[in-house]
Amino acid sequence: MMNKKLFLLLCLAVNFVYAQKKKPFFWGVATAAYQVDGNYQVDGKGESKWDLLTNKVGITQFTIGEKQTGNVAINMYDRTQYLKDIELMKELGINAYRMSLDWSRIIPDGVGTVNEKALAHYDQLFDDLLAAGIEPLVTIYHFDYPAVLLQKGGWGNPEMENWYYNYASVVINHFGKKIKHFITFNEPYIEFFLVENMLNAQNNKLPEKEYYMSQMQKAHRQLIANARVIKLYHDLKLKGQIGIVLNVNPAAPWDEKKVTDQKTAEFQDVLINGLFLEPLYKGKYPKMALDSLAKYNPTFKPSTEEMAFIGANKPDFLGINFYAPAIVKGEDSAMSLKWLDNNPDEVKSNVGPVRPEYLYKMLMRLKNDYGNPQVIITENGTGFVSEDVKVNGKVNDPLRTDYIKRHVEWALKAKKEGVNLFGYTVWSGWDNFEWVSGYTKRLGLIYVDFATQERTPKQSFYEYQKIIKENKGL
């Protein structure tokens, strides 16, 4: 019979081993390269898709009536500036920073010669973050890529899959021992079905539904590239994880009693969420989507081998970007962007209706319907036009503060109920260049004076700091 002392020692040993293996809960903030870096012609960087869209096309003129660019953004490529920002991260108390790499810096011509200055920059940045106790969560591709590849058709060109694979190979082979969490892609739905629709609205000659479904081949190509890079990462036997980030917008009917609203919401949910979750976790596209593709894009015919390959190379973790549900009206087509304007809230945020309970619903859905994968909330945040004003050196943003607090509460409720959640990340740490909205939408915890680059933590910064302290050791 084991004596009491030996039993206690064994219990302590088991607890120690468990503590050693237990993954820390990540509390973080997020950015993307084009939105924050600036310095768009420094250190041999090539022209990127978004350099071209903002500087030559002047894309923001069509959305906000003014030409704005990310040429300066918030100057985070500059080490003097980003070291100050790392100090702010430390003050906030985060232990993770989601950021993205710039393909046009690393391989300026898209393929071919690798820019050693870019690799050295990122090596230094990662060392600086790790020295501060902050884990880099590195997105390999966040919407942007070299303009020379855009001119060759981008994801419309079958070769894009190989160009991306080559770029991702360079990244993983160079940084793979230092970086423990890679993300292959950010939000394929947003890139192809939302942004492509917006960017091509002026020139599109196809009927709405045909154009919408014409994007499917690009999204499919990206899913195959995702699977190839996940396989590469696993073949290299690196001691980390690789995942993908999807936007999740669970759909809900505008009027829960109207059958037409219910049916449209069901289809909208398939097109936003199921279209990517089903192939990633079940190796197939949803039947409802395939039926519409057969009607509006009959040329799209994914092979059995392609679907099996996607299903066989599952991500190690899923990053989800949640801002708001998609509230849908029956008279709107699910193959449109009209859901973006449907917001019944009296005080409207600039990311849609505030419904934190839908984050909980989506997390539980991942647990119950998709095998409870490891999940990290890679983006969650908002802004209200009336709030982001600096008065007497302070920025009070009670609505954003409340939004973050309630979303964290619902996320942690899901975790307590068995969801395999290992992190929560706010979009964004800083006000920055918000794509087609330019600098007109502020979503940061830190106010940025875009003229002087001065940083001012907002009320929400201090609330998030408090949340992190209260949940240490989660």
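Here goes a summary of the coordinates provided. Computed from a predicted model, the values in this text were never measured in an experiment. (Residues numbered from 1 in each chain as written. Predicted model: local features only at pLDDT ≥ 70, side-chain atom pairs only at ≥ 80, totals over all residues. Heavy atoms only, no water.)

**A short note on empty space enclosed by the protein**
Link 1 in the chain: Taken as a whole and assessed by the stated rule, the structure comprises 4 cavities of 30 Å³ or more.
Link 2 in the chain: By volume, the largest cavity amounts to about 100 Å³.
Link 3 in the chain: If you go around the largest cavity, you meet 13 residues; those closest to its centre are Asp-37, Met-76, Tyr-97, Met-99 and Leu-125.
Link 4 in the chain: Counting residues per element, the ones that place at least two in the lining of the largest cavity are α2 (33-36), β2 (96-100) and α7 (116-131).
Link 5 in the chain: Of the residues contributing to the lining of the largest cavity, the split by class is 9 nonpolar, 3 polar and 1 charged. (1 Å grid on protein atoms, 1.4 Å probe; cavity = no way out; pocket = protein on both sides within 12 Å on 5 of 7 lines; lining within 4 Å. Points joined across faces, edges and corners; volume = space filled by probe spheres on them. Helix = DSSP H or I, 4+ residues; strand = E, 2+ residues; numbered from the N terminus. Nonpolar A, V, L, I, M, F, W, Y, C, P; charged D, E, K, R; others polar.)

**A word on the nonpolar core**
One broad rule of soluble globular proteins: the nonpolar side chains tend to lie buried together.
Link 1 in the chain: Judged by nonpolar contacts, the single largest core of 137 residues is most densely connected at Trp-103, Tyr-164, Phe-182, Leu-363, Trp-430 and Tyr-464.
Link 2 in the chain: With 10 residues, the top contributor of residues to this core is helix α13 (residues 259-282).
Link 3 in the chain: With sequence-adjacent residues up to four places away left out, Phe-182 is seen in contact with Val-138, Ile-140, Val-171, Ile-172, Phe-175, Gly-176, Tyr-233, Gln-241, Ile-242, Gly-243 and Phe-317.
Link 4 in the chain: Core analysis: the next-biggest nonpolar cluster, separate from the first, contains 8 residues, Phe-26, Val-245, Phe-317 and Phe-422 among them. (Core = buried A, V, L, I, M, F, W, Y, C linked by side-chain atoms within 4.5 Å. Buried < 20%, exposed > 50% of the residue type's maximum accessible area, 1.4 Å probe, protein only. Contact = heavy atoms within 4.5 Å.)

**Description of the side chain of Thr-54**
Link 1 in the chain: Among the secondary structure elements, Thr-54 is positioned in helix α3 (residues 49-57).
Link 2 in the chain: Assessed through its relative accessible area of 0%, Thr-54 is described here as buried.
Link 3 in the chain: At 2.7 Å, the side chain of Thr-54 and the side chain of Tyr-34 are in polar contact.
Link 4 in the chain: Within the structure, the side chain of Thr-54 is placed 2.7 Å from the backbone oxygen of Trp-50, a separation counted as a polar contact.
Link 5 in the chain: When sequence neighbours within four positions are dropped, the list of residues in contact with Thr-54 reads Tyr-34, Ile-59, Lys-67, Gln-68, Thr-69, Gly-70 and Phe-433. (Polar contact = N/O pair within 3.5 Å; in protein donor to acceptor, adjacent residues only side chain to side chain.)

**Quick word on the pattern of salt bridges**
Opposite charge on two side chains permits them to pair, given that their charged atoms come into close proximity.
Link 1 in the chain: Enumeration according to the criterion identifies 26 salt bridges in this entry.
Link 2 in the chain: Its salt-bridge partner being Asp-388, residue Arg-400 comes within 2.8 Å of it at the nearest N-O pair. With Arg-400 in helix α17 (residues 398-416) and Asp-388 in the loop between β9 (375-379) and α17, this pair connects stretches of sequence that are 12 residues apart.
Link 3 in the chain: The buried category is assigned to Asp-388, whose relative accessible area is 11%.
Link 4 in the chain: Here Lys-458 ties to Asp-388 by a salt bridge, and the two come within 2.8 Å at their closest N and O atoms. (Salt bridge = Lys/Arg side-chain N within 4 Å of Asp/Glu carboxyl O.)

**Some thoughts on the environment of Val-347**
Link 1 in the chain: Mapped onto the elements, Val-347 comes out in the loop between β8 (326-328) and α16 (357-369).
Link 2 in the chain: Measuring from C-alpha to C-alpha, the distance between Val-347 and Thr-60 comes to 25 Å, with 287 residues separating the pair along the chain.
Link 3 in the chain: Residue contacts for Val-347: discarding those within four places in its chain leaves Phe-384 and Leu-399.

**So, the layout of surface pockets**
Link 1 in the chain: There is about 1300 Å³ of room inside the largest pocket.
Link 2 in the chain: Along the walls of the largest pocket sit 45 residues, with Leu-194, Met-198, Leu-340, Asn-350 and Lys-441 positioned nearest its centre.
Link 3 in the chain: Of all elements in the fold, only α4 (61-64), α10 (188-199) and α11 (208-214) reach the threshold of two or more residues within the lining of the largest pocket.
Link 4 in the chain: Counting residues per element, the lining of the largest pocket draws most heavily on α10, which supplies 5 residues.
Link 5 in the chain: For the lining of the largest pocket, a count of residues per class yields 23 nonpolar, 16 polar and 6 charged.

**Some points on the sheet that holds strand β3 (residues 135-139)**
Link 1 in the chain: The 8 strands are arranged β1-β2-β3-β4-β5-β7-β9-β10 in a closed barrel whose pairing can be described as parallel. When the angles between neighbouring strand axes are averaged without regard to direction, this sheet yields 25°.
Link 2 in the chain: Taken together, the 4 bridges between strand β4 (residues 181-186) and strand β5 (residues 241-247) define a ladder with parallel strand orientation. Within the sheet, the bridge partner assigned to Ile-183 lies in β5 and is Gly-243.
Link 3 in the chain: Docked against the sheet, α17 engages β1 (26-30), β9 and β10 (421-427), running at close to 165° with respect to β10. (Pairing = 2+ DSSP bridges. Axes fitted to C-alpha atoms, helices over the stretch in contact; angles between N-to-C directions.)

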